[in-house]
Amino acid sequence: MQNPTPAPTDPEISALIADYLHLEGPLLPILHAIQATFGHIPQTAVPLIAGALNVTNAEVHGVVSFYHDFREVPAGRHVVKICRAEACQAMGGTALADGALAKLGVAWHGTTPNGNVTIEPVYCLGLCACAPAAMIDGKVVGRLDAARMSKLLTEAGA
Ligand code: FES
C-alpha cells in the first residue's frame, strides 16, 4: 500500500481560498478547487473557508454534505461510480450495485481496506440507452452485468 498523501497545511488551503474570494458566490468554486487540488475537502478547510467568507462552519459543512461530488475523506486509488437513476435501475442497476458493494465489502462512499477502490452512487451518467452504467476513474462504461462489473472491480484491485 502506498503512503497516504500528506494532509494539506492551513496556509496551502488559505492560499487556494484567496484565489477565489474576488468571485461573486465563491463558496462552490473554492470547494471545487480544494477537492481538485487535495482530492477531498479536509475538515481543517471548513473553518478557514467559513472565516474567509464570513459564514458559519455549519453553512460550509451543509454545502459540502449536500453535493454528492464533494468528499470529506480522500478517495481510494480508483473511484467507481454506479448509476442509481431510473433508467439504470430499470435495467438491473440495483442488483448490479448490491453485487458491487458486496464484492467490495463496503457501503456507499466506502473505500476498500487496501485503499484501492472507492464506490459512490451517481444519478445519471447520460448513458441511459446503455443502462446499467457506471463510471470508473472518469470513464463511462455501459451495458454492465454482474460478471463484467466483478471483472472491472478485480482489475481495479478490489
Ligand atoms: S439513468 Fe443511468 S445513465 Fe442515465
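Details of the structure are given in the entry above.
Residues numbered from 1 in each chain as written. Predicted model: local features only at pLDDT ≥ 70, side-chain atom pairs only at ≥ 80, totals over all residues. Heavy atoms only, no water.

Q: How do you make sense of the side chain of N116 when you look at a structure like this?
A: Mapped onto the elements, N116 comes out in the loop between helix 6 (93-104) and strand 2 (117-122). The exposure class assigned to N116 is buried, which follows from its relative accessible area of 17%. (Helix = DSSP H or I, 4+ residues; strand = E, 2+ residues; numbered from the N terminus. Buried < 20%, exposed > 50% of the residue type's maximum accessible area, 1.4 Å probe, protein only.)

Q: What's the story with the nonpolar core in this structure? I'm lost.
A: Nonpolar side chains tend toward joint burial in soluble globular proteins. Formed by 18 residues in total, the largest nonpolar core has its most connected members in L27, L31, I34, I41, I49 and V60. Of all the secondary-structure elements, those providing two or more residues to this core are helix 1 (10-18), helix 2 (27-38), helix 3 (45-53) and helix 4 (57-66). Filtering out sequence-adjacent residues up to four positions away, L31 remains in contact with I41, I49, V63, V64 and F70. By size, the runner-up hydrophobic cluster in this structure holds 17 residues, among which are A97, V106, I136 and M149. (Core = buried A, V, L, I, M, F, W, Y, C linked by side-chain atoms within 4.5 Å. Contact = heavy atoms within 4.5 Å.)

Q: Explain the pattern of salt bridges here, please?
A: Once the charged atoms of two side chains with opposite charge are near each other, the side chains can pair. Tallied over the full model, the rule gives four salt bridges. Note that E120 and K81 form a salt bridge whose closest N and O atoms lie 3.5 Å from each other. Of this pair, E120 sits in strand 2 while K81 sits in strand 1 (residues 78-83), and the two are 39 residues apart along the sequence. You'll find E120 and K81 in the same group, each marked buried. The shortest N-O distance in the salt bridge between K151 and E155 comes to 3.2 Å. With K151 and E155 both in helix 7 (residues 146-155), this residue pair falls four residues apart, about one helical turn. Residues K151 and E155 agree in their burial class; the two are exposed. A network of salt bridges, in which partner residues are shared, links D69, R71, K81 and E120. (Salt bridge = Lys/Arg side-chain N within 4 Å of Asp/Glu carboxyl O.)

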